[in-house]
Structure formats: C-alpha cells, structure tokens
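Examining the three-dimensional arrangement
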Amino acid sequence: MEESASCNNIILTTSLDFDDELQFLSIDADRLSVKYIGPDDYKVVAVALANNPILQECGVFYFEVKIIDKGENGMIGVGFCTKQSLKTISSNTESDDSNIILMPGLKDVIISLGQEKNSWSYHGDDGYSFSSKSGKLYGPPYTIDDIIGCYLNYRNKIIFYIKNG
C-alpha cells in the first residue's frame with residue numbers, strides 16, 4: 001500500500017518504507033511507526049527510511065518523531081542523510097547521493113547517522129548533534145514520550161531540531 005502525495009510534480013515523503021536489506025525493524029501497517037526488534041548490541045545499526053527522498057525542489061521539509069521506547073541505552077539518532085551516506089551506514093547498494101533520505105530513527109553506534117559524511121542527526125542518549133562526522137552538544141538528551149522535530153531548509157542551507165516544541 002504505497003501512498004504518495006505530490007506538489008508541483010514533486011513526489012513527497014508521506015510514510016516509512018522498508019528495504020529488505022535493512023534488518024531489525026518492524027514497521028506498523030500504517031507505515032508511520034517503527035520498532036527496533038534486534039539484539040541489544042551497540043554494534044548493531046538499524047535505519048528507518050521514508051518512502052520517497054526529500055528533494056531540493058521542496059525548498060523546506062519538516063517531520064516529527066515521537067520516542068515510544070528508548071531501549072536499554074537510549075541510543076537513537078533522528079535526522080537526515082544522503083543515499084551515499086546511507087550506503088556506508090547500512091551497506092545498502094544504492095549510490096546516488098543527489099537526494100536526501102529521511103531517517104526517522106536509528107539504533108546506533110559503530111557508524112551512525114551524523115557521524116558519516118553527508119548525514120546530520122540529533123542523538124537522544126547524549127544530546128549531541130552530529131554533522132558529517134563532527135559532533136557537538138546541541139540540546140538536552142531525549143527519551144520516552146519526547147517528540148523530536150527535524151527541519152530541513154534547502155533555500156538557506158539550515159537544519160535544526162526541536163524537542164517537545
């Protein structure tokens with residue numbers, strides 16, 4: 001059941017998608033909720049993807065993620081990456097890096113969202129924001145029942161996150 005929406009002939013992101021190459025995730029039938037079902041191992045990475053890339057022609061894009069369960073260690077990253085950095089993070093075979101892929105959730109750690117070139121994230125366990133391998137304290141850590149908003153503005157080249165805001 002693939003839903004899509006368009007604006008000025010641009011196909012928009014409307015739900016989560018699941019690639020069989022990616023493991024350890026269960027996506028609900030509504031395609032709006034994802035649950036990590038893998039081992040509690042800091043070396044295991046799982047990535048949730050959107051059904052369509054966020055194209056520059058959109059100008060701006062915003063999404064929110066509600067944290068329902070943080071797992072044992074709270075290692076969740078919410079943010080964006082290009083298809084090329086997704087290849088590095090998930091060993092996916094796609095290599096076109098011209099579009100941004102929405103990554104609503106991540107069980108991280110060896111290579112994680114924001115710690116690879118062309119990826120950006122806000123991490124729940126420590127409140128750090130990462131951008132292309134560089135990290136710095138961004139805001140407070142987040143946990144169960146927090147809502148993280150992610151804003152991408154292509155026009156002004158701005159990405160920011162809000163917590164419960």
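Above this text sits the structure in question.
Residues numbered from 1 in each chain as written. Predicted model: local features only at pLDDT ≥ 70, side-chain atom pairs only at ≥ 80, totals over all residues. Heavy atoms only, no water.

What follows concerns the sheet that holds strand β16 (residues 158-163). Spatially, three strands are ordered β8-β15-β16 in an open sheet, and the strand pairing comes out antiparallel. Both edges of this open sheet fall to β8 (60-66) and β16, since each of them pairs with a single strand only. Taking each pair of neighbouring strands and ignoring which way they run, the sheet shows an average axis angle of 15 degrees. (Pairing = 2+ DSSP bridges. Helix = DSSP H or I, 4+ residues; strand = E, 2+ residues; numbered from the N terminus. Axes fitted to C-alpha atoms, helices over the stretch in contact; angles between N-to-C directions.)

This part takes up the environment of I54. With respect to the secondary-structure elements, I54 resides in the loop between β7 (49-50) and β8. With a relative accessible area of 1%, I54 lands in the buried category. Separated by 28 residues in the primary sequence, I54 and T82 have C-alpha atoms spaced 9.6 Å apart. (Buried < 20%, exposed > 50% of the residue type's maximum accessible area, 1.4 Å probe, protein only.)

This part covers the pattern of salt bridges. Counted by the stated rule, this structure contains one salt bridge. Salt-bridge contacts for K163 lead to D146; the nearest nitrogen and oxygen are separated by 3.7 Å. With K163 in strand β16 and D146 in the loop between β14 (134-137) and β15 (147-153), this residue pair connects regions lying 17 residues apart in the sequence. (Salt bridge = Lys/Arg side-chain N within 4 Å of Asp/Glu carboxyl O.)

Right, let's talk about the pairing of strand β13 (residues 128-131) for a bit. Relative to β13, strand β12 (residues 119-123) runs antiparallel, the two sharing three bridges. For Y122, the partnering residue across the bridge sits in β13 and is S129. Linking β12 to β13, which pair antiparallel, is a turn of four residues; within it G127 sits at a positive phi near 75 degrees. Sheet analysis places β13 next to β14, joined by four bridges and oriented antiparallel. Bridged to S131 within β14 is S134. Two successive antiparallel strands, β13 and β14, enclose a turn made up of two residues, where S132 displays a positive phi of approximately 45 degrees.

Going through the model one piece at a time under the given rule, you end up with seven aromatic pairs. A ring pair is formed by F63 and F80, whose centres lie 5.4 Å apart and whose planes are at 80 degrees; its orientation type is edge-to-face. Taken as a pair, F63 in strand β8 and F80 in strand β9 (residues 77-82) lie far apart in primary sequence, 17 residues in all. We note that F63, like F80, is buried. Measuring from ring centre to ring centre gives 5.7 Å for Y122 and Y161, while their planes differ by 35 degrees; the resulting arrangement is tilted. With a gap of 39 residues between them, Y122 in strand β12 and Y161 in strand β16 connect regions that are remote in the sequence. Members of the aromatic cluster, joined through ring pairs, are Y122, Y138, Y142 and Y161. (Phe/Tyr/Trp six-rings, centres within 6.5 Å; stacked < 30°, edge-to-face > 60°.)

A contiguous nonpolar surface patch, about 240 Å² in accessible area, is contributed by Y138, I158 and F160. Within the secondary structure layout, I158 lies in strand β16. The exposure class of I158 is partly exposed, given its relative accessible area of 35%. (Patch = residues over 30% accessible without salt bridge, like charges linked within 9 Å, V, L, I, M, F, W, Y side chains within 5 Å. Areas by Shrake-Rupley, 256 points an atom, 1.4 Å probe, with all protein chains shown as cover.)

The quantities given are spatial measurements derived from coordinates; they are silent on function.
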